Amino acid sequence: MPLPALAPFLSFVLIASFTPGPNNLLSMTTAHQYGMKTARKLTFGIATAFTLIMFFTGLFDAALLAWMPVLQWPLKIVGAAYMVYLAVKTLMAKPLSEDGESKPMKNPYWVGFGMSFINPKLYLCAITVMTVYLIPLHPSAPVLAMYALFLGIVCLCAVTSWAFFGTLFKRTFNQHARLINAILAGLLVYCAVALFL
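Anyway, here's the lowdown on the structure attached to this text. What you see is a predicted model; the values in this text were computed from it and never measured.

**Remarks on empty space enclosed by the protein**
Empty space among the atoms can be located by rolling a probe the size of a water molecule over them. Under the defined criterion, the tally for this structure stands at two cavities of 30 Å³ or more. Of the volumes computed, that of the largest cavity is approximately 130 Å³. Around the largest cavity, the lining is made up of 14 residues, and of these Ala16, Asn23, Phe50, Asn119 and Lys121 lie nearest the centre. Every element with two or more residues in the lining of the largest cavity is listed here: helix H1 (3–18), helix H2 (22–34), helix H3 (36–59), helix H6 (120–134) and helix H7 (141–168). The residue makeup of the lining of the largest cavity, split by class, is eight nonpolar, five polar and one charged. Considered as a void within the structure, the second largest cavity measures approximately 60 Å³ in volume. Taken together, Met28, Thr29, His32, Phe173, Ile180, Asn181 and Leu184 make up the lining of the second largest cavity. Among the secondary structure elements, those contributing two or more residues to the lining of the second largest cavity are H2 and helix H9 (177–194). Grouping the amino acids of the lining of the second largest cavity by side-chain chemistry returns four nonpolar, three polar and no charged.

What counts, and at which threshold
Residues numbered from 1 in each chain as written. Predicted model: local features only at pLDDT ≥ 70, side-chain atom pairs only at ≥ 80, totals over all residues. Heavy atoms only, no water. 1 Å grid on protein atoms, 1.4 Å probe; cavity = no way out; pocket = protein on both sides within 12 Å on 5 of 7 lines; lining within 4 Å. Points joined across faces, edges and corners; volume = space filled by probe spheres on them. Helix = DSSP H or I, 4+ residues; strand = E, 2+ residues; numbered from the N terminus. Nonpolar A, V, L, I, M, F, W, Y, C, P; charged D, E, K, R; others polar.

Set out below in structure tokens:
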């Protein structure tokens, strides 16, 4: 990638990956409620789905852009419903017991993998990064695969850092569970509302 395009590309990728979004908030909440071991599996599921979506968005960019007007509203509605559902679950979540144990999450890898496919932020990020930065310069499948892998690694770093934050401040979260859950739920509702603004 030419140097003038590298700085905006990396800036967009880092901002899009590390700012609050459904996957980052889910990672943090999972680490808080179930521990880092479960969150690690969830983050690998998220990163795998992220990489696949980036790659296939790159391969089928023209088709996706042509279909976008038709897919935009259904995707927004499904994504908003998912975010509101996640917000309600977060708001209703109880603090961990004093021994720090919580009922185990079933199949955390597949939860992270599956939830990523209904994350509208991920699709919007994929379409933007591929359309603006990559397709015009590197339209070949092998190069797009390498970029998709790079973007997946950035995603893994982002969701892992959010999960680590959830583990690091577990005691604080337990002491202020209602307030923190309300803030996280509010952020998720904001993400859902922002889709229609």
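What follows picks up the thread again.
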